[in-house]
Amino acid sequence: MTLMHHKILGLVTALYLAIFFLHILYFAIKKEVLVRSIWIFLYITLALHTGGIIFRWVDSYRVDMGHAPLSNFYESLIFFSWCITFMLVLMKKRLSYPVITLFASLISLILMGYASISPGVDKNIQPLIPALQSNWLHIHVITCFISYAAFVVSFICGLLYFFNMAWTGSPSRSTLEEINYKSVMVGFPMLTAGILTGAVWAHYAWGSYWSWDPKETWSLITWIIYALFLHARFVKGWRGKKIAIISIIGFFSVIFTYFGVNFILSGLHSYAT
Amino acid sequence: MSVIKNNRGEPLPAKEKSLKNIILGFFGSVRLAVAVLTFIALVSILGTIIKQNAPPDEYLSLYSQTSLKIISLFGLDDVFHAPWFIGAIVLFVINLLVCTYNRFFSYFRAEKKVRLPEEKALMSLHMCFKLNLEREKDAIAIIKKRFRRILYQGEDGVVLERAPYAKYGVLLIHGSIFIILIGSLIGLLWGYKGFIVLHRGEVKDMMVVRGRAPKEIPLGFALKCRDFNVSFYPNGAPRDYVSRLEVIEKDRVILEKDVRVNSPLSHKGMHIYQSSYGASPTFVFRVDGEPVSLREQDSHEDDGFIMIAMRFEKAIHDFGPGVQVAFLDNGEPRTTWFLRDIPRMRQRDLGGKKVVLEDIKEDLWTGLEVSYDPGIPFVWTGFGLMMLGLYINFFVVPGKIFLRRLPDSIIVAGVGSRHIDRFGEIFEKIKGNLYDTDAS
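Computed from a predicted model, the values in this text were never measured in an experiment.

Enquirer: Sorry if this is basic, but what is going on with the overall build of chain A here?
Expert: For chain A, the helix and strand inventory stands at nine helices and zero strands. In chain A, the succession of helices and strands from N to C terminus is α-α-α-α-α-α-α-α-α. Rg of the C-alpha trace for chain A: 19 Å, near the compact-globule value of 19 Å for 273 residues, within the 12% margin. Across its three principal axes, chain A shows a C-alpha extent of roughly 55 × 45 × 30 Å. By residue count, 62% of the 273 residues in chain A fall in the buried class. Considering only residue pairs separated by 6 or more positions, chain A has 80% of its internal contacts joining residues 24 or more positions apart. Accessible surface, chain A: about 10500 Å² in total, of which carbon and sulfur atoms supply 71%. Of the charged side chains in chain A, 18 are positive and 9 negative, and the gap between their average positions amounts to 15 Å.

Listed below in structure tokens is the structure:
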């Protein structure tokens, strides 16, 4: 059964690919008009992406399983990708550098592409198992993925810090650092909110707010890394390379919390695969 | 730009290096915090890689002899309860408390006196502008909307402040971690978890507490399962499972609730969760014409005759469900199978009695998790305070505005202590407001 949202999300994936090529074109001919068109494309893509998620929500009612599309691995990939683009648009003033939008939309493209191509990802709307039937699901998933998206931006800045990309119109190192802190300042409270809402939910669903499940433990590890980032920067006054390295390590921890735990370790969160 | 004031958390330049200061310096240092947190993070990784709290056989099949020795030596099969892990958390708490203690006084020291700087000093500030004298009232009115606190008021001008509480954000975050850990300690010391299996209609007042040696303890009240239902999606996945429970005290039903996943029952500080369900068979026999209902492992005795329903099989080859029955034949223990769907195998002569298996009914049971955790209010309070602290620390923009009267004009200047760029935006807005009304 092909549902409306599959078509829309397919188009969204194609648009991310188009945005990627627009960037390549920009780096080749360096016309400012391309930067503007990149942003127009990003706005259109975000609108369609939002529409795709809403349509999936509506479609889920059509197949009599009505629930927000935040419940399985496919839906989380789509939502993760949405959060990254949302973050770009939200922080346009700061993030309006082609090299940053390139990497961010490339990660969105990879997530969307993986979601639609990988045979291991079930694209169907699945019924909501009893453990997930809770309003905490929405707030927990949304806060977690907004934090992940913010950490994606932080990671890109940390990575760019090590490359001299002046020819791409890359921001200066101090600007990169600045954006890096800004995104951790969004990501850290959001991750905290994600962990705490998860804990409260776990209390109501499983009877224990913390059970050292691998997903929980890894989210705590990620939290500690970004807490160290903030203390290193603002209390110890670390700058430059060291901070960039912490943001890269932090992102690997995010990736492991999101993917690694599901694929390598098993636990209570196993329905996310 | 700085989110957290650049205060090292160590005692401010001590006049003398007393032992107390050295100890406070060490236990309150950020370096110790970094070391302890890194340690906790690293061993937590171990705790997710090495199988935790599994039965011994599983370890034997998973790991080699040598690695098993290391695992058991350091307690790596239960990292999060190992003494050295608890020790690290205790060290972290000490660090947190000493660090807070060291910083505590600096919170109030800065409070004491606010001066209105001279014209020159104000003009050298990054954010400042001049206005006509007669605009003073407007200016104060507009600034007061965003800077509510008056720090100083005199002939020469005013000092106004916004979000003076912002400096407590860090204190709140750190304090909340302490409160959460206190809550979890209370839970560890006085809380417990148990399990109850109830068939439809069954009443129990005991629960099984898990652990190395499971034991039954009283619930403090009786729990009756009036009904239990499972519904499924078309694809076979469970949609909902509901236990209709009654809490009974002194033979009176005092509470009734449909307990489902995500919707526990709470009574006397105890939470009862829908955790699992299953089916167990009931065997309906007729022994010499008398009806006898047995569950698995139940026995029936009558006048020297004894039979036990040993084992249930859903399908014996292709012959449908059956039950193995043990009985005494002239003092000799024997077993035999009864098959429900094969007429020839439904009737047997056991030690002189005619036994007929009339039916096998599958009864649903509900598995309920019970938890008692008196630390929960602390943990929830800690969660709330942590979110509040994070909000204050990352999203509230504190700062001061100085307004000084000069003979021919007034100077308005701003100083932000944190989130300087956002403070700048607020300052620019005020400036814009004043110039707009000026033009009209």
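After that view, the rundown keeps rolling.
Enquirer: Can you walk me through the packing of helix α1 (residues 4-29) of chain A against helix α5 (residues 98-117) of chain A in this structure?
Expert: When two helices pack together, you describe them by how their axes are tilted relative to each other and by the distance separating the axes. All names here are of chain A. The N-to-C vectors of α1 and α5 enclose an angle of 150°; their axes lie 9 Å apart at closest approach. Between α1 and α5, the interaxial angle falls into the category roughly antiparallel. Here the hand of the crossing between α1 and α5 comes out left-handed. Each of Leu9, Val12, Thr13, Tyr16, Leu17, Ile19, Phe20, His23, Tyr26 and Phe27 in α1 lies in contact with α5, whose residues at this interface are Pro98, Val99, Thr101, Leu102, Ser105, Leu106, Ser108, Leu109, Met112, Gly113 and Ser116.

Enquirer: So what exactly am I meant to see when it comes to the confidence of the model for chain B here?
Expert: Regions with low pLDDT carry predicted coordinates that are not meant to be interpreted in detail. Residues and elements named next belong to chain B. Of all residues in chain B, 93% have pLDDT values of 70 or greater, and the mean over the chain is 86. The least confident element of chain B is helix α3 (residues 56-62), whose mean pLDDT is 79; the most confident is helix α9 (residues 376-395), at 96. A low-confidence stretch, residues 1-12 (pLDDT under 50), is modelled with 46 contacts involving residues beyond four sequence positions or located in other chains.

Enquirer: Mind showing me how you'd approach the packing of aromatic side chains here?
Expert: All names here are of chain A. Counting across every chain of the model gives 43 aromatic pairs over all chains. Look at Tyr181 and Phe229: their rings are 6.1 Å apart centre to centre, the planes differ by 65°, and that puts the pair in the edge-to-face class. Taken together, the residues span a long stretch of sequence, with Tyr181 in helix α7 (residues 173-206) and Phe229 in helix α8 (residues 214-234) at a distance of 48 residues. The exposure classification of Tyr181 matches that of Phe229, with both residues buried.

Enquirer: What should I look at first to understand the sheet that holds strand β13 (residues 305-313) of chain B in this one?
Expert: Adjacent strands of a sheet form backbone hydrogen bonds with each other and so pair up, either parallel or antiparallel. All names here are of chain B. Within the open sheet, the four strands sit side by side as β12-β13-β14-β15. Their pairing is antiparallel. Lying at the two open borders of the sheet, with one neighbouring strand each, are β12 (299-302) and β15 (332-339). Each strand of the sheet is rotated relative to its neighbour by a mean of 20°, with strand direction disregarded. For strand β14 (residues 322-329) and β15, the ladder comprises eight bridges, and the chain directions are antiparallel. Its bridge partner being in β15, Gln324 is matched across the sheet by Trp337.

Enquirer: I would appreciate a short explanation of the environment of B:Ile410 in the present structure.
Expert: Residue and element names in this part refer to chain B. Within the secondary structure layout, Ile410 lies in strand β19 (residues 409-416). Sequence spacing of Ile410 and Leu198 is 212 residues, and the spatial spacing of their C-alpha atoms is 79 Å. The contact partners of Ile410, leaving out residues within four places of it in the chain, are Phe129, Lys130, Leu131, Asn132, Leu133, Arg135, Glu136, Leu403, Arg404 and Arg405.

Enquirer: Just checking my understanding: could you explain the environment of B:Gly384 for this structure?
Expert: Residues and elements named next belong to chain B. Positionally, Gly384 belongs in helix α9. With relative accessibility at 39%, the residue Gly384 sits in the partly exposed group. Residues Gly384 and Ile173, spaced 211 residues apart in sequence, show a C-alpha to C-alpha distance of 9.9 Å.

Enquirer: Whenever I open this one, the sheet that holds strand β3 (residues 157-162) of chain B confuses me. Can you help?
Expert: Residue and element names in this part refer to chain B. Read across the open sheet, the five strands follow the order β1-β19-β18-β3-β2; overall the sheet is antiparallel. Looking along the sheet, the strands with just one partner apiece sit at the ends: β1 (127-132) and β2 (149-154). In this sheet, adjacent strand axes meet at a mean angle of 15° when their direction is disregarded. When β1 meets β19, the two strands line up antiparallel, connected through six bridges. Considered in β19, the bridge of Phe129 is made with Val412. This element, helix α7 (residues 136-146), spans β1, β2, β3, β18 (399-405) and β19 of the sheet and lies at about 170° to β18.

Enquirer: I'm lost on the pattern of salt bridges in this one. Help?
Expert: A side chain with one charge can pair with a side chain of the opposite charge if their charged atoms come near. According to the stated counting rule, one finds 25 salt bridges over all chains in the structure shown. Between B:Lys130 and B:Glu119 there is a salt bridge whose closest N-O contact spans 3.7 Å. Here B:Lys130 is found in strand β1, whereas its partner B:Glu119 is found in helix α6 (residues 119-123), with eleven residues between them in sequence. For B:Glu119, a relative accessible area of 32% puts it in the partly exposed group. B:Glu358 is paired through a salt bridge with B:Arg286; the nearest N and O atoms lie 3.0 Å apart. Taken together, the residues span a long stretch of sequence, with B:Glu358 in strand β17 (residues 353-372) and B:Arg286 in strand β10 (residues 270-287) at a distance of 72 residues. Several salt bridges share partner residues, and in doing so they unite A:Arg94, A:Lys182 and B:Asp421 into one network.

Enquirer: Which parts of the structure should I look at to understand the interface of chain A and chain B?
Expert: Accessible area lost upon the coming together of the parts serves often as the stated size of an interface. Residue-level contacts link 45 residues of chain A with 56 residues of chain B. Approximately 4300 Å² of surface area, both sides summed, lies buried where chain A meets chain B, with 68% of it carried by carbon and sulfur atoms. Linking chain A with chain B are three salt bridges. On inspection of chain A and its partner chain B, the count reaches twelve residue pairs in polar contact (both at pLDDT 80 or more). When contributions to the side of chain A that touches chain B are tallied by element, the ones reaching two or more residues are α4 (92-95), α7 and α8 of chain A. Examining the composition of the side of chain A that touches chain B, we find that 16 residues originate from one element, α7(A), more than from any other. Looking at the side of chain A that touches chain B residue by residue, the classes come out as 30 nonpolar, eight polar and seven charged.

Enquirer: It is not clear to me how the domain arrangement of chain A should be interpreted in this structure. Could you clarify?
Expert: Residue and element names in this part refer to chain A. Segmentation of chain A into domains returns domain 1 (1-123) and domain 2 (129-273). The C-alpha-based centres of domain 1 and domain 2 are spaced at 20 Å. Listed per partner, the contact involves 26 residues of domain 1 and 31 residues of domain 2. With both sides pooled, the region where domain 1 packs onto domain 2 buries about 2600 Å², and carbon together with sulfur makes up 83% of that total. Among the residues of domain 1 in contact with domain 2, Phe73, Phe80 and Met87 are the three that bury the most area, contributing 22% of the side total.

Enquirer: Honestly, the nonpolar core in this entry has me stumped. Any pointers?
Expert: In globular proteins that are soluble, nonpolar side chains generally tend to be buried together. Ranked by internal contacts, the top residues of the largest apolar core, which has 118 residues, are A:Phe188 and A:Trp223. The greatest single-element share of this core, amounting to 14 residues, is contributed by helix α6 (residues 136-160) of chain A. Apart from the residues within four sequence positions on either side, A:Phe188 is in contact with A:Phe151, A:Trp223, A:Tyr226, A:Ala227, A:Leu230, B:Leu390 and B:Phe394. Grouped together as the second largest cluster of nonpolar side chains are 21 residues, B:Met207, B:Leu223, B:Cys225 and B:Val259 included.

Reading the values: the criteria
- Residues numbered from 1 in each chain as written.
- Chains lettered and ligands numbered in written order.
- Predicted model: local features only at pLDDT ≥ 70, side-chain atom pairs only at ≥ 80, totals over all residues.
- Heavy atoms only, no water.
- Helix = DSSP H or I, 4+ residues; strand = E, 2+ residues; numbered from the N terminus.
- Rg over C-alpha atoms; globule rule 2.2 N^0.38 Å.
- Buried < 20%, exposed > 50% of the residue type's maximum accessible area, 1.4 Å probe, protein only.
- Contact = heavy atoms within 4.5 Å.
- Areas by Shrake-Rupley, 256 points an atom, 1.4 Å probe, with all protein chains shown as cover.
- Lys, Arg positive; Asp, Glu negative; His and termini not counted.
- Charge placed at Lys NZ, Arg CZ, Asp CG, Glu CD.
- Axes fitted to C-alpha atoms, helices over the stretch in contact; angles between N-to-C directions.
- Parallel < 35°, antiparallel > 145°, perpendicular 65-115°, else oblique.
- Left-handed = near helix turned anticlockwise from the far one by under 90°.
- pLDDT = per-residue confidence, 0-100.
- Phe/Tyr/Trp six-rings, centres within 6.5 Å; stacked < 30°, edge-to-face > 60°.
- Pairing = 2+ DSSP bridges.
- Salt bridge = Lys/Arg side-chain N within 4 Å of Asp/Glu carboxyl O.
- Buried area = accessible area lost by both parts, 1.4 Å probe.
- Polar contact = N/O pair within 3.5 Å; in protein donor to acceptor, adjacent residues only side chain to side chain.
- Nonpolar A, V, L, I, M, F, W, Y, C, P; charged D, E, K, R; others polar.
- Domains from an automatic or database assignment.
- Core = buried A, V, L, I, M, F, W, Y, C linked by side-chain atoms within 4.5 Å.

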